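Commentary on secondary and tertiary structure
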Amino acid sequence: METDTNRADAKTTETPTASPAWRLWILLVWHPTLGLPVDPVAVLGLNEGQQQAAPVVRWVPLVYEAADPWRERLSAPITSQDIERWIARSGSVCSLEPADVPEGALDLTHAADLVLDELLAEVIPALPPRGDG
């Protein structure tokens, strides 16, 4: 027999979670000093659960020219097949790495913003200067 307390416990243990269709990637370009595509220029988010959903792109500030290869790729509509193709071709000038959806993200845009914040606070400051400017 189910009691009211069991139902109350069930309600309090339910927490909102990110949509399982949300996917995030960190878009990387060639870092001239390191000689690898490890320089983050943007965060890309897709809601694969919605056919016509526009992608979310959050650009790292002050990397406009460095991000040009990704701007060209993102100028057309993006599909999951595009992502898979880009992953298969990763390792040259452009690369992309999957990112976890941050806990507590309210929507896909917020999730991308949280990943970008982490890049700006922890990853980008740890990289050596690009040496190209």
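Everything that follows concerns the structure shown earlier in this document.
Presented here is an overview of the structure given in this document. The shown structure was predicted, so the numbers you read here are calculated from the model rather than taken from an experiment.

Remarks on the packing of aromatic side chains
- Using the criterion set out here, one finds 1 aromatic pair in the structure.
- Ring centres of Trp-70 and Trp-86 lie 5.3 Å apart, and the angle between their planes is 80 degrees; on these two criteria the pair is classed as edge-to-face. Of the two residues, Trp-70 sits in helix H2 (residues 68-73) while Trp-86 sits in helix H3 (residues 80-88), which places them 16 residues apart along the sequence. Of the two residues, Trp-70 and Trp-86, neither departs from the other in class, the shared state being buried.
- The aromatic ring of Trp-59 is capped on one face by Arg-71, whose charged end is 4.0 Å from the ring centroid.

Notes on the environment of Ala-66
- Looking at the element boundaries, Ala-66 is found in the loop between strand S3 (56-59) and H2.
- Spatially, the C-alpha atoms of Ala-66 and His-31 are 9.1 Å apart, while their sequence positions differ by 35 residues.
- Those residues in contact with Ala-66 that lie beyond four places of it in its chain are Val-29, Val-41 and Arg-130.

Considering the environment of Val-56
- Looking at the element boundaries, Val-56 is found in strand S3.
- According to the relative accessible area criterion, Val-56 is buried, its value standing at 10%.
- The residues contacting Val-56, other than those within four sequence positions of it, are Val-43, Leu-44, Gly-45, Leu-108, Thr-109 and Ala-112.

What to know about the sheet that holds strand S1 (residues 22-31)
- As summarised here, the arrangement of the 4 strands in space is S3-S2-S1-S4, forming an open sheet in which the pairing is antiparallel. Among the strands making up the open sheet, the edge pair consists of S3 and strand S4 (94-99). Shown here is a sheet whose adjacent strand axes are inclined to one another by a mean of 30 degrees, direction ignored.
- Relative to S4, S1 is paired through 6 bridges, and the arrangement is antiparallel. Its bridge partner lying in S4, Trp-25 is registered against Pro-98.

What about unusual backbone geometry?
- A positive phi angle, near 65 degrees, is found at Leu-62, a position not held by glycine.
- Within the element layout of this structure, Leu-62 appears in the loop between S3 and H2.
- By relative accessible area, Leu-62 is classed as exposed at 88%.

Definitions and cut-offs
Residues numbered from 1 in each chain as written. Predicted model: local features only at pLDDT ≥ 70, side-chain atom pairs only at ≥ 80, totals over all residues. Heavy atoms only, no water. Phe/Tyr/Trp six-rings, centres within 6.5 Å; stacked < 30°, edge-to-face > 60°. Helix = DSSP H or I, 4+ residues; strand = E, 2+ residues; numbered from the N terminus. Buried < 20%, exposed > 50% of the residue type's maximum accessible area, 1.4 Å probe, protein only. Lys NZ or Arg CZ within 6 Å of the ring centre and 35° of its normal. Contact = heavy atoms within 4.5 Å. Pairing = 2+ DSSP bridges. Axes fitted to C-alpha atoms, helices over the stretch in contact; angles between N-to-C directions.

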